[in-house]
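# Close look at the chain arrangement
What follows is each chain in one-letter form.
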Amino acid sequence: MFKQALELIKKYDTIIIHRHTNPDGDAIGSQVGMKELIKTNFPQKTVYIVGDDAKRFSFMEDCSPDNIPNNVYDNALAIILDTSVRSMISDGRYTLAKETLRFDHHIKCEDIADVDIIDTSYESCCGLITDFALQTGLKLNVLAAKSLFTGMVTDSGRFRYDSVNARTFRLAAALKEYGFDTNKLYANLYADDFEIIKLRAIYTLKIKFTKNNVAYIITTKDELAAVKADEFTVSRGMVGVMSEIKGVDTWVNFTETESGVLCELRSKRYNVNPVAAKYGGGGHAKASGATIKDLETAMDMLKDLDELKE
């Protein structure tokens, strides 16, 4: 599968790299890593990255999106990373490209690209791209290695999730050979402002439980405005406060915004992806997301999660 992707990359002089909206470390890491991988091996090519603001991950080097006109897509290849559904792709102009290529490790929800490289056995899209580089003999530089390593760390939960296997550590070790400073990296990833620590305390006190012990948090638009934090920090950032509760196998965070209710679904035991897919979302078996129209629909989703069985 990697050979077809490499041939497509070789074919185009202009390449534009997309990833999902509200990016996490894996989305940014795979995007920057892929850009650096291409530029290192094919310096004559012009490579752009596009998308919304990196927000929490703006500390990552060279992650600022390029501002490009539509005509750049003429006779260009668009590479879509870490995204399972069209609605989540940041910058819909990928459809203007001559051809499209996707690398993803989520459960496939729909056909998006002309060539799809999808493998759910990888803990991260960064891990998939790292293996692509190693198997095809492409050279990495320090920034590519550091960016890809960052995505592997974040999407594996610091190598704790059950998606981690022996290959994960082999790939991480290959990246670590490039000698970047992990102490500085971890400081940026895990050192939080005191305001965020206080926010976690607030959200811990908001946790409720269903009859079958599904933990959940609901944040209304008014509550979101009151905490003075962006929707990504509240939605993706606060779902983790429920992850270590004894007796809780499944948890979900609902955040009401102007554009809908953001849903972050997690489980240690059950496959929550079908529930996310039912409501137009997707992701992994035990970590998925969706955006739904209102809190009433959120209660329907919560009921579905409460009824999950092995």
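## What to know about the overall build of the chain
Check the secondary structure of the chain and you find 11 helices and 11 strands. Its C-alpha atoms give the chain a radius of gyration of 19 Å, within 12% of the compact-globule value 19 Å for 310 residues. Each of the three principal axes of the chain carries a C-alpha extent, and together these read 60 × 40 × 40 Å. Among the 310 residues that make up the chain, the fraction classed as buried is 53%. Put simply, 62% of the contacts in the chain that link residues at least 6 apart link residues at least 24 apart. Carbon together with sulfur atoms contributes 49% to the accessible area of the chain, which is approximately 14200 Å² in total. Across the chain, the mean location of the 39 positive side-chain charges is 3 Å away from that of the 45 negative side-chain charges.

## Topic: the pattern of salt bridges
Following the criterion strictly, the structure yields 20 salt bridges and no others. A salt bridge links Glu7 to Lys10; the shortest N-O distance between them is 3.8 Å. Here Glu7 pairs with Lys10, and both are found in helix H1 (residues 2-11), just 3 residues apart, close to one helical turn. Accessibility expressed as a relative area gives 42% for Glu7, which makes it partly exposed. Since its relative accessible area comes to 41%, Lys10 is described here as partly exposed. Note that Asp162 and Lys286 form a salt bridge whose closest N and O atoms lie 2.7 Å from each other. Of this pair, Asp162 sits in the loop between helix H4 (142-155) and helix H5 (166-176) while Lys286 sits in the loop between strand S10 (282-283) and strand S11 (287-292), placing them 124 residues apart in sequence. For Asp162, a relative accessible area of 58% gives the class exposed. Within this structure, Asp24, Arg236, Glu264 and Arg266 form a network of salt bridges that share partners.

Criteria and thresholds
- Numbering of residues begins from 1 in every chain and follows the order in which that chain's sequence is written.
- A pLDDT threshold of at least 70 governs which residues receive local features in this predicted model, and a stricter bar of 80 or more applies before side-chain atom pairs are shown or counted, although totals over entire chains, interfaces and linings include all residues.
- The side-chain numbers reported here are obtained from all heavy atoms of the structure, hydrogens and water having been left aside.
- Going along the chain from the N terminus, every DSSP run of H or I of four or more residues is numbered as a helix, and every run of E of two or more is numbered as a strand.
- Radius of gyration means the value over C-alpha atoms here, while the globule rule gives 2.2 Å times the residue count to the 0.38 power.
- Classification of residues uses two cut-offs on accessible area relative to the type maximum, computed with a 1.4 Å probe and protein chains only: under 20% is buried, over 50% is exposed, and between them is partly exposed.
- The contact criterion used throughout is that any non-hydrogen atoms of two residues lie within 4.5 Å.
- Accessible areas in this description were obtained via Shrake-Rupley with a 1.4 Å probe; residue shielding takes into account the shown protein chains only.
- By the counting scheme adopted, Arg and Lys are positive, Glu and Asp are negative, and His together with the chain ends is not counted.
- Just so you know, the charge point we use is NZ for Lys, CZ for Arg, CG for Asp and CD for Glu.
- Here, a salt bridge means any Lys or Arg side-chain nitrogen found within 4 Å of an Asp or Glu carboxyl oxygen.

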